[in-house]
Amino acid sequence: MSSILVVDDSRFARRNMRAALEELGHEVEEASNGADALARYSPDRHELVTLDLLMPDMDGGVVLTKLRERNPAVKVLVATADIQTITRRELEDLGVTAVINKPIARDDLKRVVSGVLEGAIVSC
Amino acid sequence: MLTETQHDALTELINISYARAAGALSQLTGYRVGLEVPHAAVYPLSEVSARLKRSLDAQVTAVSQVFSGVVSGNALLVLDQKAAVILSDILLDTSSASGDWSGEWPEENREVITELGNILLNACLGTFGNLLKVHVTFSMPLLQIDVVDSIMRSTEVAGENLSHGLMIQTKFHLREANLTGYLVIILGVTSLDRLVAGLDTWQ
């Protein structure tokens, strides 16, 4: 079991992600915006951060940068509705560990989360 | 406004994009989504409101999302009241009286339709972007429950002289209900030209 921080401004999206991750046996903490995520994130506790891109005040790219400043080894799974190939490449250039598209398919999530937690860089 | 070849290419592009969006909707709701062939056409912006009002309720639910890049504009998912209520009920696993619409929706219902709009608009425009090799960047989705005219008046984008609407109409069937939804992509002349150029070179 791992501790995972789920960052998304949509309550609906957080609830879906929480249900899927808890079904996989993980412990979930939620953050509803970028500032909340930075306040809650603990390198000692959270083994993975799932991160939405489009959020008010502080978008996912800024949150990612700040998380990496705190912990260069942070594992970040971006969960986004943006399905564009170029967006995915840009995210990979930014150093995200993996990308998964919304709506989240639980089988895909299971594969990606397992891969990330085991140290493989995967993309879905 | 479009040549026959361009219209054919646009129709195919939309079919692929809508199939992606329908797949996303089915995955979210857990129901099979039946999709009628989408009808697409480009109209001057002044005509878009009138056309939307012909087949939608007076008050509608719209999720809009400004996008920017080589092609920029404003994309809207416009749903009639029944569709919005049914979809939010399914996604939240609740049961509203579909006829009891006050316009004052609980925050949770508003959030769920906003997220749905975000996913469906991204599925459509993202597929456009991938196929035409045109990258667009999305802003935050905005939910509005209002009359069509007010919603269309609010589609202005800073720095863009929006002039045309690519209007895509479809009906979809979900859980034995016929739901009506429109996707409207509002573009300026330059962006429309770039979209058409993309259709010309799409292979």
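As a reminder, the structure under discussion sits directly above these lines.
Scoring rules and cut-offs
Residues numbered from 1 in each chain as written. Chains lettered and ligands numbered in written order. Predicted model: local features only at pLDDT ≥ 70, side-chain atom pairs only at ≥ 80, totals over all residues. Heavy atoms only, no water. Helix = DSSP H or I, 4+ residues; strand = E, 2+ residues; numbered from the N terminus. Rg over C-alpha atoms; globule rule 2.2 N^0.38 Å. Buried < 20%, exposed > 50% of the residue type's maximum accessible area, 1.4 Å probe, protein only. Contact = heavy atoms within 4.5 Å. Areas by Shrake-Rupley, 256 points an atom, 1.4 Å probe, with all protein chains shown as cover. Salt bridge = Lys/Arg side-chain N within 4 Å of Asp/Glu carboxyl O. Expected span 1.5 Å × (residues − 1). Arc of directions from axis to C-beta. Buried area = accessible area lost by both parts, 1.4 Å probe. Polar contact = N/O pair within 3.5 Å; in protein donor to acceptor, adjacent residues only side chain to side chain. Core = buried A, V, L, I, M, F, W, Y, C linked by side-chain atoms within 4.5 Å. Pairing = 2+ DSSP bridges.

Draft legend 1. Here's a closer look at the overall build of chain A. Within chain A one finds 5 helices and 5 strands. Secondary structure of chain A in N-to-C order comes out as β-α-β-α-β-α-β-α-β-α. A globule of 124 residues ought to have a C-alpha radius of gyration of about 14 Å, and chain A, at 13 Å, matches this closely. A principal-axis box enclosing the C-alpha atoms of chain A has dimensions of 30 × 30 × 30 Å. Split into buried and exposed, the 124 residues of chain A put 52% on the buried side. Here the analysis covers contacts within chain A between residues at least 6 apart in sequence; of these, 58% occur between residues at least 24 apart. Roughly 5600 Å² of accessible area belongs to chain A as shown, and the carbon and sulfur atoms make up 47% of that amount.

Draft legend 2. View of the pattern of salt bridges. Inspection of every chain in the model, using the stated rule, returns 14 salt bridges over all chains. Lys-102 of chain A serves as the salt-bridge partner of Asp-52 of chain A, at 3.3 Å between the closest nitrogen and oxygen. Placement of Asp-52 of chain A in the loop between strand S3 (48-51) and helix H3 (60-70) and of Lys-102 of chain A in the loop between strand S5 (98-101) and helix H5 (106-117) is noted, with a sequence separation of 50 residues between them. For the pair Asp-52 of chain A and Lys-102 of chain A, one class covers both residues: buried. One salt bridge connects Glu-47 of chain B with Arg-51 of chain B, and the closest N-O pair in it is separated by 3.3 Å. Within this pair, Glu-47 of chain B and its partner Arg-51 of chain B are both found in helix H2 (residues 45-55), separated by 4 residues, close to a single helical turn. Connected via shared salt-bridge partners are Asp-8, Asp-52 and Lys-102 of chain A together with Glu-115 of chain B.

Draft legend 3. Structural context of H5 of chain A. Residue and element names in this part refer to chain A. When the terminal C-alpha atoms of H5 are compared, their 16 Å separation across 12 residues agrees well with the 16 Å that a helix rising 1.5 Å per residue should span. Of all the positions in H5, only Leu-109, Val-112, Val-113, Gly-115 and Val-116 are classed as buried. One face of H5 carries all of its buried residues, which in axial projection span an arc of 160°. In this structure, the buried side of H5 is in contact with strand S1 (3-7), helix H1 (11-23), S3, strand S4 (76-80) and S5. Residue Gly-119 follows H5 closely and has a positive phi angle near 100°.

Draft legend 4. Expanded view of the interface of chain A and chain B. In this complex, chain A contributes 23 residues to the contact, which on the side of chain B involves 27 residues. Roughly 2000 Å² of surface becomes buried between chain A and chain B when both sides are summed, with 57% attributable to carbon and sulfur atoms. Remark: the boundary between chain A and chain B carries 3 salt bridges. A salt bridge links Arg-11 of chain A to Glu-111 of chain B; the shortest N-O distance between them is 3.4 Å.

Draft legend 5. Looking closely at the side chain of Thr-114 of chain B. All names here are of chain B. Tracing the backbone through its elements, the reader meets Thr-114 in helix H4 (residues 107-132). From its side chain, Thr-114 meets the backbone oxygen of Arg-110 in a polar contact 2.6 Å long. Thr-114 has contacts with Val-63, Pro-141 and Leu-143, leaving out every residue within four places of it along the chain.

Draft legend 6. How the structure looks around the nonpolar core. Core analysis: the largest hydrophobic core is formed by 60 residues, its most contacted members being Phe-67, Leu-87, Ile-113, Leu-116, Leu-166, Leu-179 and Ile-185 of chain B. If we skip the residues at most four places from it in the chain, Ile-185 of chain B touches Phe-67, Asn-74, Ala-75, Leu-125, Phe-128, His-164, Gly-165 and Leu-166 of chain B.

Draft legend 7. Geometry of the environment of Arg-194 of chain B. Residue and element names in this part refer to chain B. Assignment of secondary structure puts Arg-194 in helix H6 (residues 189-201). What makes Arg-194 partly exposed here is its relative accessible area of 42%. Distance in space between the C-alpha atoms of Arg-194 and Leu-142 is 26 Å, their sequence separation being 52 residues. Beyond its immediate chain neighbours, meaning those up to four positions away, Arg-194 contacts Val-70 and Val-71.

Draft legend 8. Broad picture of the pairing of strand S8 (residues 177-188) of chain B. Residue and element names in this part refer to chain B. Where burial is concerned, most of S8 is hidden: 11 out of the 12 residues are buried. Bridge analysis of strand S4 (residues 73-80) against S8 gives 7 bridges, and the strand direction is antiparallel. The residue bridging Leu-79 from the neighbouring strand is Gly-181, located in S8. As paired elements, strand S7 (residues 162-174) and S8 share 12 bridges and run antiparallel to each other. Looking at the pairing, His-173 lines up with Asn-178 of S8. Taking the residues between adjacent antiparallel strands as the criterion, S7 and S8 are bridged by 2 residues, where Arg-175 takes a positive phi near 50°.

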